[in-house]
Amino acid sequence: MTKMRSDRLKIVFMLCLAFITIGGQHFESKVAQLLRDETEDIKCFVEVKDLTCFWEEEEERNNLHDQYTFTYSYENKNKMACVVSSLSLLGSNKTVFFCKLPKTPFFTPLDVQVFRDGRVLYSRSLNAENFWFLDPPRNLTVMTSGKEGQLNVSWLPPLLKYIDDSLIYEVRYAVEGSNMGKVEVIKVSTMLVLLGLQPYTRYKVWVRVKPDGVAYKGYWSAWTEPVLGVTQPSGTCFLMLLETKNLFLLKKLWPDIPSPEHKFPGLFTIYKGDFKEWMSQNNGSMWGRSVHVYTEELPSPLEVLSEVSLTSHGTSQREERQAVEEDKEKESERSDSGLTDRWQEPPEAYCLVEQLRALQENPESLSQSLLLQSHDTYVTLNQNSQGDDERQVDDVFEETLPLQMLFTTAGRMSLNTSHSDLGSLQQSSGSGRLSSQSSFEYPNHTWPPKGPGYAYMAVADSGVSMDYSPMSSSRIAALGRHRMYTNDYKNEIFLHKWPLSGQHTQSGSESCMGPGW
Amino acid sequence: MQLLCILCIWTRPGLSSPLRPICDLRVLNHFIKEAWDAEAAMRACQDACNIATNFTAPLTRVDFDDWEAMNIEEQAQEVQSGLHVLNEAISSLQASNQTDVLQSHIDASISNIASIRQVLRSLSIPEYVPPTSGGEDKEMQKVSSISELFQVHINFLRGKVHLLLANAPVCHQGVS
């Protein structure tokens, strides 16, 4: 209990000490300044309503303030005594003695004297209204004015009733970090617009105050703490910044929607979106160009054949296939390719989805493989088509998957194809039945030689466009032994161009082939 | 000069219409600055300006707390009586043989006191009422030099007159 009380007393004492210290900071700083600047032996100043006079301790003395006597008189009246106190200045070894006059008389001569040991040490005659030493202005604020090269500066005056109409202020401002500044003097008003400033520049601003010297006189107050302000950028720069910001915001809020219009020159501008008309006008050139948009709306009749077994990645592939199935269900109404039968999931990781995932995880493999070329197209010519087809029919791979896997294989193409046109394949098909199948092959494996009856067209389907190009015969020979997936694309254009596609669309076979990376 | 012109127009003789309030303290500040000049000139005069006579002059001391405790009528009477006494004391110097420079200061001071009275009238400040017989006048002081008289003059204008005009009720109507 005693300890608690002692602790509380200590806390109270510390708080009081802090309060006194904070409250006396202005007083002590004013005393210190006058010690430097004022030459009179008795230095006096008025803070609010009372005059304070002080003097330095004489040398050879031992801070015995009791030996000093301070008196004051006015209007020929008797002298009056004032209580003397002492103050040790922080930061210096000086001690001063001071007296604060109670009920200070203004606008009349005041005679003050300091006595020591009965003898006059110092004396002075002064008018108290001539020695105001105010606190710095309050709440200094610097704001942009909205105009180029300007800053609005405002502050609050000292809290004095009668003197506020008789004050002048000095506003000092300089570019941040610069020692060169300017000063503006303003009377009575507590706001100022700084003009002619550099655009988009940070300025430091200070303010101080003193009486105007007419009714009242005094010393300049201390400067306020500096306040920073930034001028607006110049007109051109500001407009550019504003425009850039607006464009940025515009892009964020309304991002550009990708348009495939550039892939269909004239479709919208000339043919007003009439695709059939556009197709009829662009019949011959279309097959040498990437085909877009058909993967979801108009599935291609092509089948992707693969001989790769994908048993080891059944689970993950099944999850992907389940997702694909949902998409497939949506297209079932549009589709007449009969993509209802699905392949039994190959056990090994050569499903297209896995290929896609692998490629996404390791995009460098795309360049390193030297194999994936978007322009390669494969068409299988299945000599023993019936049985193999039936087996392959079961391995249907959803065509709506984002088929971004691109690959090339070295192989020999038995077909004489001069361009990536399925129609041309049809025309140039040799022995065997040309199946409307496309296959995705991966470089690390080669296709099993199926015999001379096989022809392959590598099909690269990015999910948006399909590039068809003939595969060289040398690449065919390099095809590895893989189980092939067939992939039916429900594309009525291909149906139109490839008579045999109808068989495979009915089979609904899809395949996914690819090597293990 | 513009402020003085405004004052002249407002205070020209024969003007029967009431004066518009002159609340701008720059008018009084102008008179105070001229009083400063006169006091400085008289202080420099020293021996040449010493006249062996006493002047009755008003007290100029102001205690802000005591002043705030007075009502407008008491403050007005304090100022009006002091201006009256000052006017009489300074006017008595016109008959003395002074230099032209000093004479101009004396004439300007008399003119400025009259102008200040007009400003007070525009602010509806009660006029000076001489004490009736048996009544006590405001406390005064005695000064023995021209220099001291003009010190009283400047201190009275800066103090009591300035406080009265700065806080005239007419100039602060509608302000909380």
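An unreviewed UniProt entry lists chain B under the name Erythropoietin, with Sinocyclocheilus grahami given as the organism. Recorded in UniProt under Subcellular location (unreviewed entry), the annotation for chain B is "Secreted". The annotation that UniProt attaches to chain B under Sequence similarities (unreviewed entry) is "Belongs to the EPO/TPO family."

Within an unreviewed UniProt entry, the label attached to chain A reads Erythropoietin receptor-like, and the organism entered is Sinocyclocheilus grahami. Quoted straight from UniProt, the Subcellular location (unreviewed entry) entry for chain A says "Membrane".

Some details on the state of the cysteines
All names here are of chain A. This model, assessed by the stated rule, comprises three disulfides over all chains. There is a disulfide in this structure between Cys44 and Cys53, and the S-S distance comes to 2.1 Å. The sign of the 110 degrees torsion about the S-S bond sets the Cys44-Cys53 disulfide as right-handed. Of the two residues examined, Cys44 and Cys53, each falls in the buried class. Paired by a disulfide, Cys82 and Cys99 hold their sulfur atoms 1.4 Å apart. Because the sign of the S-S torsion sets the handedness, a value of about 135 degrees for the bond joining Cys82 and Cys99 places this disulfide among the right-handed ones. Of the two residues, Cys82 is situated in strand β4 (residues 80-82) and Cys99 in strand β6 (residues 95-100); the sequence distance between them amounts to 17 residues. A single burial state applies to Cys82 and to Cys99, both of which are buried. Here the cysteine-cysteine linkages of chain A are recorded as 1-2, 3-4, numbering only bonded cysteines and doing so in sequence order.

Observations regarding the sheet that holds strand β7 (residues 110-116) of chain A
All names here are of chain A. Strand order in the open sheet formed by four strands is β4-β3-β7-β8, and the pairing between neighbours is antiparallel. Because the sheet does not close on itself, it has two edges, and the strands there are β4 and β8 (119-126). Adjacent strand axes in the sheet meet at a mean angle of 25 degrees, parallel and antiparallel pairs treated alike.

Comments concerning the pairing of strand β13 (residues 181-187) of chain A
All names here are of chain A. Pairing analysis gives seven bridges linking strand β12 (residues 167-175) to β13, with the strands arranged antiparallel. From the neighbouring strand, Tyr173 faces β13, where its bridge partner is Lys182. Hairpin connection between β12 and β13: a loop of five residues separates the two successive antiparallel strands, and Gly177 in this loop has a positive phi of roughly 90 degrees.

Let's talk about the packing of aromatic side chains
The geometry of an aromatic ring pair comes down to the distance between the two centres and the angle between the two planes. Under the criterion given, the structure shown has 19 aromatic pairs over all chains. Within the aromatic cluster, the residues linked to one another by ring pairs are Phe27(A), Phe45(A), Phe54(A), Phe98(A), Phe131(A), Phe133(A) and Tyr219(A). Across from the ring centre of Trp223(A), 4.7 Å away, lies the NZ or CZ of Arg172(A), which sits over that ring. Over the face of the ring belonging to Trp36(B) we find Lys217(A), whose NZ or CZ atom lies 3.8 Å from the ring centre.

Structural notes on helix α4 (residues 72-91) of chain B
Helix length check: α4(B), at 20 residues, gives a terminal C-alpha distance of 28 Å against a target of 28 Å (1.5 Å per residue), a fit within 8%. The N-terminus of α4(B) is capped by Asn71(B), whose side-chain oxygen sits 3.2 Å from the backbone nitrogen of Glu73(B).

Conventions used here
Residues numbered from 1 in each chain as written. Chains lettered and ligands numbered in written order. Predicted model: local features only at pLDDT ≥ 70, side-chain atom pairs only at ≥ 80, totals over all residues. Heavy atoms only, no water. UniProt positions renumbered as here; feature names shortened; annotations may be inferred. Disulfide = S-S within 2.5 Å. Buried < 20%, exposed > 50% of the residue type's maximum accessible area, 1.4 Å probe, protein only. Helix = DSSP H or I, 4+ residues; strand = E, 2+ residues; numbered from the N terminus. Pairing = 2+ DSSP bridges. Axes fitted to C-alpha atoms, helices over the stretch in contact; angles between N-to-C directions. Phe/Tyr/Trp six-rings, centres within 6.5 Å; stacked < 30°, edge-to-face > 60°. Lys NZ or Arg CZ within 6 Å of the ring centre and 35° of its normal. Expected span 1.5 Å × (residues − 1). Polar contact = N/O pair within 3.5 Å; in protein donor to acceptor, adjacent residues only side chain to side chain.

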